[in-house]
Amino acid sequence: MTTLTTAPPPAPAQPSAKRSHAAALSLRKKARASRALVLPALFFSIVLTQIPFLVTIYFSFLNWNQLRPAEIAFAGFQNYAVVFTGPDFFPSLMATVVITGSSVVLSLVFGLFFAVLLDRKFMGQGLARTLMITPFLVMPAAAALIWKWSMLDVNVGMVNVGLNFIGLPSIAWNTDFPALTIIMMLTWQYTPFMMLILFAGLQSQSREVLEAASVDGAGPFRTFQWMTLPHLRQYIEIATLLGSIMLLQAFDPIAIMTKGTGGTKTLSYLLYERAFIGLDVGQAAAFGVVTVIVTIAVATIALRTLFKVFMNGSER
């Protein structure tokens, strides 16, 4: 006599498996909710930046001068040929490099100097920090007006008053030294930005290590050279990269103080000149596209370097 055997019923699902499945569903819901919250901002950013840029690219292929608004024709790459073969682009690129590089280096040096001073304990330290940050909070147009009239005016500027006080003649800074004038103003405005980043680096340095170096007989200069500066390397790189990206866009000081004369016609001012003075929409759009490409290239290199700084900072 044979007996029939039946398969045992399936084991019920384990509670841990149910919990992991529920956790996965919860994570997916949270991810969808996060994307839903980001989508409006992403859509707004695309509408605000990419659509105008596409329109600019379209305009760059047109022969369109607002002095002759009815004569609009397709120009192909003619406007881009004017950009690279004309006499304005490469001098403007060089002016941008000189003004940006000089302003970044000077702002970094002065920012490091003031950061070291403010890292010490003294009466009124909080007030001094607030006053040192103030130039960076001033609007660029207002700062340019202050420097043009209150600081560097040939008759009543405070710099010339100081020169006259020590027996030196007045200097027409805006006309005789336009590039130096722009560099001075940008250095004054961006030194607080560099100072804040470097001051944060100084605050993060271990006080116990500094005290140990002092006990071992290391003087302040050797301690700064061999301990503080290596510690600030990451912060110096970050300040340099971010400052360069911001200073590449400087326009207000040049438009207000020098009008692009004397080697101060940067790419941003050249674009303004072609669009609103020359009224050539096609060429202005071509200059704008090339300027955006140059800026994106610089920003990409800067951001990649910045990413390496964050990734490799612990190894340095």
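Predicted model only: the values in this text are computed from it and were never measured. (Residues numbered from 1 in each chain as written. Predicted model: local features only at pLDDT ≥ 70, side-chain atom pairs only at ≥ 80, totals over all residues. Heavy atoms only, no water.)

What about the packing of aromatic side chains?
Two aromatic rings, taken as a pair, are described by how far apart their centres are and by the angle between their planes.
(1) Moving on: One pass over the structure, following the stated rule, counts 17 aromatic pairs.
(2) Moving on: On the numbers, 5.9 Å between centres and 45° between planes, the contact of Tyr 58 with Phe 59 is tilted.
(3) Moving on: An angle of 70° between the planes, with centres 5.4 Å apart, marks the rings of Phe 113 and Phe 114 as edge-to-face.
(4) Moving on: Taken together, Phe 61, Phe 74, Phe 77 and Tyr 80 form an aromatic cluster joined through their ring pairs. (Phe/Tyr/Trp six-rings, centres within 6.5 Å; stacked < 30°, edge-to-face > 60°.)

Brief notes about the pattern of salt bridges
(1) Moving on: Applying the stated criterion across every chain, the model contains four salt bridges.
(2) Moving on: In this structure, the salt-bridge partner of Glu 71 is Arg 68, at a minimum N-O distance of 3.4 Å.
(3) Moving on: Salt-bridge contacts for Asp 88 lead to Arg 274; the nearest nitrogen and oxygen are separated by 2.5 Å. With Asp 88 in the loop between α2 (78-85) and α3 (89-118) and Arg 274 in helix α13 (residues 267-277), the pair connects residues that are 186 residues apart, well separated along the chain. (Salt bridge = Lys/Arg side-chain N within 4 Å of Asp/Glu carboxyl O. Helix = DSSP H or I, 4+ residues; strand = E, 2+ residues; numbered from the N terminus.)

As for the nonpolar core
(1) Moving on: One finds Leu 186 and Met 257 to be the most contacted residues of the largest nonpolar core, which totals 33 residues.
(2) Moving on: Secondary structure elements with two or more residues in this core: α3, α5 (140-151), α8 (178-203), α11 (233-247) and α12 (252-258).
(3) Moving on: Ranked by residue count, the leading element in this core is α8, at eleven residues.
(4) Moving on: Sequence-distant contacts of Met 257, that is, excluding residues within four places in its chain, are made with Ala 144, Trp 147, Lys 148, Leu 152, Asn 174, Thr 181, Ile 182 and Met 185.
(5) Moving on: Listed in part, the nine residues of the second largest apolar core include Tyr 80, Leu 270, Phe 287 and Val 289. (Core = buried A, V, L, I, M, F, W, Y, C linked by side-chain atoms within 4.5 Å. Buried < 20%, exposed > 50% of the residue type's maximum accessible area, 1.4 Å probe, protein only. Contact = heavy atoms within 4.5 Å.)

Examining the packing of α3 against α8
Between two packed helices, both the angle of their axes relative to each other and the distance between the axes serve to describe the pair.
(1) Moving on: Two elements in contact, α3 and α8, have axes separated by 6 Å at closest approach and are oriented at 45°. Between α3 and α8, the interaxial angle falls into the category oblique. Viewed along their axes, α3 and α8 form a crossing whose handedness is right-handed.
(2) Moving on: Residues of the contact of α3 with α8, tallied by class, amount to 19 nonpolar, six polar and no charged. (Axes fitted to C-alpha atoms, helices over the stretch in contact; angles between N-to-C directions. Parallel < 35°, antiparallel > 145°, perpendicular 65-115°, else oblique. Left-handed = near helix turned anticlockwise from the far one by under 90°. Nonpolar A, V, L, I, M, F, W, Y, C, P; charged D, E, K, R; others polar.)

Digging into unusual backbone geometry
(1) Moving on: Of note, Lys 259 is a non-glycine position whose phi angle comes to about 60°, a positive value.
(2) Moving on: Locating Lys 259 in the fold gives a position in the loop between α12 and α13.

Focus: a nonpolar patch on the surface
(1) Moving on: Residues Leu 37, Val 38, Leu 39, Leu 42 and Ile 46 make up a contiguous nonpolar surface patch of about 500 Å² in total accessible area.
(2) Moving on: Taking relative accessible area as the criterion, Ile 46 reaches 40% and is therefore assigned partly exposed. (Patch = residues over 30% accessible without salt bridge, like charges linked within 9 Å, V, L, I, M, F, W, Y side chains within 5 Å. Areas by Shrake-Rupley, 256 points an atom, 1.4 Å probe, with all protein chains shown as cover.)

What about the side chain of Thr 291?
(1) Moving on: Looking at where Thr 291 falls in the secondary structure, it is placed in helix α14 (residues 281-312).
(2) Moving on: When its relative accessible area of 15% is taken as the criterion, Thr 291 is described as buried.
(3) Moving on: From its side chain, Thr 291 meets the backbone oxygen of Phe 287 in a polar contact 2.7 Å long. (Polar contact = N/O pair within 3.5 Å; in protein donor to acceptor, adjacent residues only side chain to side chain.)

Here's the deal with empty space enclosed by the protein
(1) Moving on: A full pass over the atoms with the stated rule returns one cavity of 30 Å³ or more.
(2) Moving on: Forming the walls of the largest cavity are Thr 96, Ile 99, Thr 100, Leu 186, Leu 247, Leu 248, Ala 250, Ile 254, Thr 266 and Ser 268.
(3) Moving on: Taken together, the residues of the lining of the largest cavity sort by class into six nonpolar, four polar and no charged. (1 Å grid on protein atoms, 1.4 Å probe; cavity = no way out; pocket = protein on both sides within 12 Å on 5 of 7 lines; lining within 4 Å. Points joined across faces, edges and corners; volume = space filled by probe spheres on them.)

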